[in-house]
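A look at the structure
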Amino acid sequence: MPETSRPDVATTTPPSTTLYSERLWVPIWWWIAGLAVAGLLAAEVHMGRPGLLSYLAYVVLLPIPIWAAFWLSRMRVEVVETAGVKELHVGRAHLPVELISRAAAVPASAKSAAMGRQLDPSAFVQHRPWIKTMVLIVLDDPEDPTPYWLVSTRRPADLLAALDR
């Protein structure tokens, strides 16, 4: 019986270039404080229950602040160009750059006003309280009810340069 040859089905994805990428890590002192609290709790359990079983508290409690810090640091802000189309990715949300009418950096001194009394309830906000600066991205899409995006970033000038704004 002759073997049937199947043509190779190549899934070609267009090459993508990352123009800007930033992961919004929590501050290092949060890691240290979390590990210190977990260590103190494990030491309390260790003092109350002598023996080999008492070391189980360290095994159980010390990974918790590490997991929490990684979970809080999961958001990434990226500008990616694929097949000539630029997109802004913030977490799982993405936005074609051609829908952006203008963008501006929000300094630390204006952050509370932008997040407080001036905030539009229908805006898309990705805020991390440990990051002082933000970027305001105003949309020009009549089909989208979202007027603007407000995104935390440590390097607003670099993000705006990647967006060409």
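Note that the structure is predicted; figures quoted are calculated from it, not measured. (Residues numbered from 1 in each chain as written. Predicted model: local features only at pLDDT ≥ 70, side-chain atom pairs only at ≥ 80, totals over all residues. Heavy atoms only, no water.)

Let's talk about the overall build of the protein
Our working rule: Only DSSP runs of H or I with at least four residues qualify as helices, and only runs of E with at least two residues qualify as strands; both kinds are numbered from the N terminus onward. C-alpha atoms define the radius of gyration, and 2.2 Å times the number of residues to the power 0.38 defines the globule rule. When a residue's accessible area, from a 1.4 Å probe over protein chains only, is under 20% of the maximum for its type it is buried; when over 50% it is exposed; and in between it is partly exposed. Contact between two residues is taken to exist if any of their heavy atoms lie within 4.5 Å; hydrogens are not considered. Per-residue and other accessible areas follow the Shrake-Rupley method at a 1.4 Å probe size, with only the shown protein chains counted as cover for residues. Just so you know, the count uses Lys and Arg for positive and Asp and Glu for negative, and it drops His and the chain ends. To locate a charge, take atom NZ for lysine, CZ for arginine, CG for aspartate or CD for glutamate.
Of the regular secondary structure elements, the protein holds five helices and eight strands. Its helices and strands taken in sequence order, the protein reads β-α-α-α-β-β-β-β-α-β-β-β-α from the N to the C terminus. Against the 2.2 N^0.38 benchmark of 15 Å for 165 residues, the protein shows a C-alpha radius of gyration of 23 Å, more extended than a compact globule. C-alpha extents for the protein along the principal axes are approximately 75 × 65 × 25 Å. Burial statistics for the protein: of 165 residues in total, 31% are counted as buried. Contacts in the protein between residues at least 24 apart in sequence constitute 65% of all its contacts with a sequence separation of at least 6. A total accessible area of about 10800 Å² is found for the protein, and carbon and sulfur atoms account for 62% of it. Measuring between centres, the 15 positive side-chain charges of the protein sit 12 Å from its 15 negative side-chain charges.

Observations concerning the environment of Trp130
The cut-off we apply is this: Any pair of nitrogen or oxygen atoms within 3.5 Å is treated as a polar contact; in protein, a donor-acceptor pairing is required on top of that, and neighbouring residues in sequence qualify only through side-chain atoms on both sides.
Topologically, Trp130 is positioned in the loop between strand 6 (124-126) and strand 7 (134-139). Spatially, the C-alpha atoms of Trp130 and Arg74 are 14 Å apart, while their sequence positions differ by 56 residues. Discounting residues that sit within four places of it in the chain, Trp130 has contacts with Leu24, Trp25, Val26, Pro27, Trp30, Leu72 and Arg154. Within the structure, Trp130 has its side chain in polar contact with the backbone oxygen of Trp25 (distance 2.9 Å).

Concerning the side chain of Glu22
Test applied: We count a salt bridge whenever a side-chain nitrogen from Lys or Arg sits within 4 Å of a carboxyl oxygen from Asp or Glu.
Structurally, Glu22 is set in strand 1 (residues 16-23). Among buried charged residues, Glu22 stands out as having no salt bridge; its nearest opposite-charge side chain is Arg154, 4.8 Å away. Among the polar contacts made by the side chain of Glu22, one reaches the side chain of Tyr20 at a distance of 2.5 Å. Dropping the residues within four chain positions of it, Glu22 is found in contact with Met75, Arg76, Val77, Thr153, Arg154 and Arg155.

Some remarks on helix 5 (residues 156-163)
We apply this condition: The directions from the helix axis to the C-beta atoms are what the arc is built from.
Here helix 5 has its buried residues at Pro156, Leu159, Leu160, Ala162 and Leu163. In an axial view of helix 5, the angular spread of the buried residues amounts to 160°, which keeps them on one side of the axis. Buried-residue contacts for helix 5 involve strand 1, strand 2 (76-82), strand 3 (85-90), strand 5 (100-106) and strand 7. Taken from the residues just after helix 5, Asp164 is the one with a positive phi, measuring 60°.

A word on the UniProt feature "transmembrane region" (unreviewed entry) in the protein
Our working definition: UniProt positions are given in the numbering used here, feature names are shortened, and annotations may be inferred rather than shown by experiment.
The sites that carry the UniProt feature "transmembrane region" (unreviewed entry) are, in the present numbering, residues 24-43 and 55-72. In residues 24-43, helix accounts for 80% and strand for 0%; the two terminal C-alpha atoms are 32 Å from one another.

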